Amino acid sequence: MVLYNNPIPTLNANTPLCNGDQLIMSGFGGSNFQWSGPNAFSSNSSTVNINPVSGVNAGVYSLTVTATTGCTASVSQTIVVNPTPTITASGSTVCTSQTLHLSASSFTGSSYEW
């Protein structure tokens, strides 16, 4: 009887991220690694580093791991890259006791501290 050792791929990623952050993904569970992802991303390293990330790096990344026996297995992870909020101030000159208007674009789950 021949027993095959199928790899058990594991994909670790630091998600969600903000625009401009560093994305680090690591794969485990085999001897050969093949990554694919958004924007024609491809790598055969066990650890991937994309710095800085932007919206084009968001999406589903897949990792296929091959064991020394030749058996393969795959896993995928969705990477979220949150956009940078836009902050604007209106008015030209503000004097004491006048109102200054500030605004920021809102995103789901956003919080603001002025």
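Scroll up a little and you will see the structure.
1. Some points on the overall build of the chain
Tallying secondary structure elements over the chain gives 0 helices and 11 strands in all. Overall, the chain shows an N-to-C arrangement of helices and strands of β-β-β-β-β-β-β-β-β-β-β. Here the analysis covers contacts within the chain between residues at least 6 apart in sequence; of these, 47% occur between residues at least 24 apart. Accessible surface, the chain: about 7,600 Å² in total, of which carbon and sulfur atoms supply 51%.

2. Some details on the environment of A73
In this fold, A73 is placed in strand β8 (residues 72–79). When its relative accessible area of 18% is taken as the criterion, A73 is described as buried.

3. Structural notes on the nonpolar core
Within the largest apolar cluster, 15 residues are counted, with the highest numbers of intra-cluster contacts made by L23, M25, W35, F41, I50, Y61 and I79. Sorting the residues of this core by element identifies β3 (23–28), β4 (32–37), β6 (47–50) and β7 (59–66) as the ones contributing at least two each. In terms of residue count, β7 provides more of this core than any other element does, 3 residues in total. Not counting chain neighbours up to four residues away, the residues in contact with Y61 comprise L11, L23, M25, S36, G37, P38, F41, I50, V75, S76, Q77 and I79.

4. Digging into the sheet that holds strand β5 (residues 41–43)
Judged by pairing direction, the sheet is antiparallel, and its 4 strands sit side by side in the order β5-β4-β7-β8 without closing on themselves. Looking along the sheet, the strands with just one partner apiece sit at the ends: β5 and β8. Adjacent strand axes in the sheet meet at a mean angle of 15° when their direction is disregarded. Pairing geometry for β7 and β8, over 8 bridges, is antiparallel. Paired with S62 across the two strands is S76, which belongs to β8.

5. As for the pairing of β7
Bridge count for β4 against β7 is 5 bridges, and the pairing is antiparallel. Within β7, the position partnered with S36 by the bridge is S62. Linkage of β7 to β8, two consecutive antiparallel strands, is achieved through a turn of 5 residues, within which G70 is found at a positive phi near 95°.

Reading the values: rules and limits
Residues numbered from 1 in each chain as written. Predicted model: local features only at pLDDT ≥ 70, side-chain atom pairs only at ≥ 80, totals over all residues. Heavy atoms only, no water. Helix = DSSP H or I, 4+ residues; strand = E, 2+ residues; numbered from the N terminus. Contact = heavy atoms within 4.5 Å. Areas by Shrake-Rupley, 256 points an atom, 1.4 Å probe, with all protein chains shown as cover. Buried < 20%, exposed > 50% of the residue type's maximum accessible area, 1.4 Å probe, protein only. Core = buried A, V, L, I, M, F, W, Y, C linked by side-chain atoms within 4.5 Å. Pairing = 2+ DSSP bridges. Axes fitted to C-alpha atoms, helices over the stretch in contact; angles between N-to-C directions.

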